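Residues per chain, in single letters:
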2 protein chains.
Amino acid sequence: MRGNSNYEARLADFKDLISKIEYLKCTLNSLVYWDKLTYMPSEGIEYRTKVMSFMAEQQYRFMSSSRFIGHVRYFEGNKKNDPITDSMISRIRRSSEYINKIPEEEYKRYIELIAMSEQVWQQAKAEKNFDLFKPYLDRIFCTFRKFAQYWGPTEDPYDALLGYYENGLTVNKVDELVSELKPFLIEMLRKVKEKQKDCGKKPLIMPKVDGARQQAIWKTVLSDMGFRFEAGRVDIGSHPTILANSPSDVRIVNSYREEDLRSGLFNVLHAGGKGIYQQSISKELLGTFLAEVPSFALEEGIGRFYENILGRSQGFWKYFYDKICSIAPELKKFTEREFYEDINMVSPSLIRIEADQMTYLLHIIIRYEIERELINQRLTVDGLPDAWNQKYEDYLGIRPANDSEGVLQDIHWASGYVGYFPAYFVSNLAAAQMSAAIEKDCGSLNGLMVEGRFDIINDWLKEKVFRYGAIYDTEELIERATGRPLDSKDYIDYLREKFSEVYKSNAIL
Amino acid sequence: MRGNSNYEARLADFKDLISKIEYLKCTLNSLVYWDKLTYMPSEGIEYRTKVMSFMAEQQYRFMSSSRFIGHVRYFEGNKKNDPITDSMISRIRRSSEYINKIPEEEYKRYIELIAMSEQVWQQAKAEKNFDLFKPYLDRIFCTFRKFAQYWGPTEDPYDALLGYYENGLTVNKVDELVSELKPFLIEMLRKVKEKQKDCGKKPLIMPKVDGARQQAIWKTVLSDMGFRFEAGRVDIGSHPTILANSPSDVRIVNSYREEDLRSGLFNVLHAGGKGIYQQSISKELLGTFLAEVPSFALEEGIGRFYENILGRSQGFWKYFYDKICSIAPELKKFTEREFYEDINMVSPSLIRIEADQMTYLLHIIIRYEIERELINQRLTVDGLPDAWNQKYEDYLGIRPANDSEGVLQDIHWASGYVGYFPAYFVSNLAAAQMSAAIEKDCGSLNGLMVEGRFDIINDWLKEKVFRYGAIYDTEELIERATGRPLDSKDYIDYLREKFSEVYKSNAIL
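All of the points below concern the structure found in this document.

Here is what the cut-offs are and how they apply
- Residues numbered from 1 in each chain as written.
- Chains lettered and ligands numbered in written order.
- Predicted model: local features only at pLDDT ≥ 70, side-chain atom pairs only at ≥ 80, totals over all residues.
- Helix = DSSP H or I, 4+ residues; strand = E, 2+ residues; numbered from the N terminus.
- Rg over C-alpha atoms; globule rule 2.2 N^0.38 Å.
- Buried ≥ 20, exposed ≤ 12 C-beta atoms within 10 Å, placed from the backbone.
- Least-squares fit on C-alpha atoms with pLDDT ≥ 70 in both.
- Contact = placed C-beta atoms within 7 Å.
- Pairing = 2+ DSSP bridges.
- Axes fitted to C-alpha atoms, helices over the stretch in contact; angles between N-to-C directions.
- Core = buried A, V, L, I, M, F, W, Y, C linked by C-beta atoms within 7 Å.
- Domains from an automatic or database assignment.
- Expected span 1.5 Å × (residues − 1).
- Bend = angle between axes of the 7 residues up to and from the residue.

1. Describing the overall build of chain A
Here's step 1: The secondary structure content of chain A amounts to 20 helices and three strands.
Here's step 2: What you see for chain A is a C-alpha radius of gyration of 24 Å, in line with the 23 Å of a compact globule of 509 residues.
Here's step 3: For the C-alpha atoms alone, the extent of chain A along its principal axes is close to 75 × 55 × 50 Å.
Here's step 4: Within chain A, the proportion of its 509 residues that are buried is 42%.

2. Comments concerning the relation of the copies chain A and chain B
Here's step 1: With an RMSD of 0.0 Å, the fit of chain A onto chain B corresponds to turning through 180 degrees and sliding 0.0 Å along the axis. The transformation relating the two chain copies, once decomposed into turn and shift, fits a two-fold axis.
Here's step 2: An overlap of 100% is found between the interface residues of chain A and their copies at the interface of chain B, pointing to a shared contact surface.

3. Remarks on the sheet that holds strand β1 (residues 232–236) of chain B
Residues and elements named next belong to chain B.
Here's step 1: The strand order β1-β3-β2 describes an open sheet built from three strands, whose pairing is mixed. Of all the strands in the sheet, just β1 and β2 (241–246) have a single pairing partner and so form its edges. Strand after strand, the sheet turns through a mean of 20 degrees between neighbouring axes, direction not considered.
Here's step 2: Alignment of β1 against strand β3 (residues 249–254), held across five bridges, turns out to be parallel. Directly across from Arg233, in β3, lies its bridge partner Arg251.
Here's step 3: Each of β1, β2 and β3 touches helix α10 (residues 261–280); the most contacted strand, β3, lies at about 165 degrees to it.

4. Let's talk about the nonpolar core
Here's step 1: Core analysis: the biggest nonpolar cluster contains 275 residues, and Leu161(A) and Leu161(B) have the highest contact counts within it.
Here's step 2: Each of domain 1 (2–127) and domain 2 (211–342 + 424–508) of chain B contributes no fewer than three residues to this core.
Here's step 3: Every residue in contact with Leu161(A), bar those within four places of it in the chain, is listed here: Phe144(A), Ala148(A), Ile375(A), Val418(A) and Gly419(A).

5. So, the interface of chain A and chain B
Interface size is commonly expressed as the accessible surface area that is lost when the partners come together.
Here's step 1: With 26 residues of chain A in contact, the opposing surface of chain B contributes 26 residues.
Here's step 2: Put simply, the parts of the chain that give the side of chain A that touches chain B at least two residues each are α1 (2–38), α2 (45–63), β1 (232–236) and β2 (241–246) of chain A.
Here's step 3: At six residues, the largest contribution of residues to the side of chain A that touches chain B is made by α1(A).

6. Re helix α12 (residues 314–327) of chain B
Residue and element names in this part refer to chain B.
Here's step 1: Taking 1.5 Å as the rise per residue, α12 with 14 residues should run 20 Å; its terminal C-alpha atoms sit 20 Å apart, in good agreement.
Here's step 2: The axis of α12 is deflected most strongly, by about 45 degrees, at Phe320.
Here's step 3: For α12, every residue scored as buried is listed here: Phe316, Tyr319, Phe320 and Ile324.
Here's step 4: For α12, the elements touching its buried residues are α9 (211–225), α11 (296–310) and α17 (445–450).

7. Some details on the environment of Arg496(B)
All names here are of chain B.
Here's step 1: Looking at the secondary structure, you find Arg496 in helix α20 (residues 489–502).
Here's step 2: We classify Arg496 as partly exposed; it has 14 C-beta atoms within 10 Å.
Here's step 3: Separated by 446 residues in the primary sequence, Arg496 and Lys50 have C-alpha atoms spaced 52 Å apart.

What follows is the structure, encoded as structure tokens:
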């Protein structure tokens, strides 16, 4: 009895401490930073920077306090088969280990390297000059080879990096997915291109729609989709993102272009999906660090589910086209079908973030193959642009004219995100696998959307995924929700069916 | 030398600590609270309340840390005739003493009393039922009689309360001001009423102007007046106020009524004046607790200067009337003179916050006389409503029909603001005294405004008042800026001249 009451008392004290760290974290990340993106007057930046670094320091102090460390040790030594406490401890342990395994001096040098290299990358990209960035990129990959050793040992050093972003992801697993996806995507792209040659469709030119009406459209669509404005909002800001103060206060930041309402709209569908996720996490998990998404990859997957699988479907537009046209009647010059076909037009692009649903993972495959070779020293940064350009030619049939639209396009490596790209496999495949599982349980997504029954879709996801926050990691959550581990089957089926329909052609099947 | 370098090192460490407390304070008061007033989704309140109480607790911890207390002791014992450090220490000392002199148990009981009494006051006011509130009010005045003893001894116990809000203000000083103001105001009001009988003007009925255009008007007026939007902003919120993150980030919160644009406009002039003040405080003072206004009264006085002395003047409307009409052409149905006379119409009101410039201080005189009698036990809460109503009849010629438009109208007492009302004498008289000093140095305010030369007015205030933040207290600052201590002369002259002009009558002089 005595031991148990000590356990309970310690747990209460630990949760109290974690709550405080969460207060700091949510205020810093989701309010102070949100304000910086949205409403802060320009001259506020200098003082704001100081406030932000103070709050980050406070957060660090709480997490390195003897009270905090003592509790972590105690609960590691006193497991009671309580899934929430166990998961809380293992998440804390995991995130601190990644840092602690790196010698302090080296970590400091890494932080300095990244600060510099982001600046140089920006300049190199603007000047289309890879040589400028090359020495920094070389040092970054050297650093991550070392980090992989500290974090390992693993079969392939790249495994250690994959595991940092997505617990349990390995080269073997990714290779298996790539071996199924790559030939399929390349072949399907070839067929679509042939089909396109026959029908010769041109992209639609959108009418101009001002910001106020675009925002009214977002509000209508998000509300109907199930994002709750009593517990969230959408504001205009310099860098589109989503920030959650708590499940009751979720902030979407978005931007728009007057000349093409689709850019802001699909962004807001993506963020809105993530927002529904954040709003649905059980509030009981506050005070445990688990009232958050389990991984970037899964959150991104949910974003892609709402943006692409729902947002680019026939059912979605059957339900929303007239509603949107009633706010922006200029759109009526296109039929719903024309609009639908246009937002699903396949068009190989040099730039990842402009990629359509079908070619997107080819961009990721290229990055995965290249990163892995670089980490294993089978490719040098000198040979990088050629390798990159050749792969674009081989897989997508187009070749960058310069390195800014090639190897310099993403900020990821400059910011130290090495081993991060393969998380996009998880995101996209998870979205398709969940989508298939929902259809099995609730019937056709298209059918549900035509009736505006987003509640049924959201309820399934809440019940199977969202409410658990970070109690389970991504892999486990996918398996619990869909009945099997992540694979590429549903994704391939989805693309096949979708684009056969879009291009009205069985030749694609 | 050694002592000196210790002094310097200690000062640097103290300022570092104060900066951190300021980061917490500004984030809590000016960003977390600002967001609560403006953009927070409704369901965010529960979690927000926890975050706010955590941050207040953190602030308290920093200020009660041994590091903080040690520094205060050291600098009290090591004065080097450095005005900033001395002032910093004496402000810290003063604010902590007020709390420390009250026994902890009593202070706790007081906080509980206030929390209850605000609720009861709200209900009593809604139900026009003073009896409900009476026992709470009695306990509040009992408590403040005790506090006055702890804070004293002073000649009159009420002095101790006055001094809490405005360092150095005494009953003797206030009595002197009241003895000059009261007969003048009562007599002048009588003359104006006679004059009004003759001319029989009716108040203008304003056209409806929507929120978007009202906000455009605010932006135009504030910009021209010198509020810098690079370092500030205006948002719509539930409770009009102004909140400064730093001199580079000053946030006005305002509201509006479509059916009368004047309410939002004069609020925003008031807040805008305070905003120009906040933006002009020297940034060098950050990290000393002195980058703030010296007292509520002076800040309020600057607000009243911009709202009333500038904002209700002929010159102001000569400059702005056409500009405002270009945004709201409906206003053109009134001439500039009609509009000007209407916003300056004298009309005795039962409600303080609706009072015009001429009768405003009569409301304050009534509250001052009553508070002082209550504290000195020459009046009981039982006798309060009669005393209140009689004074309204004697001074303003009108009598409340019930206690909600009488003694229950202000939240101040229920919130524990006892001894606070006389600060409004300082505010109003300081505004007039500074105004006269500016005219002496820079020429007629009307003349400057007709030319839109708000920069000259602002520069004088920056130079003489604003930049000093809280280095000097209000009394000293007024004397340094205007060449003499605060008195009622300029205020009386101002009202006499202003209303003779408004009513085009020498009989008022």
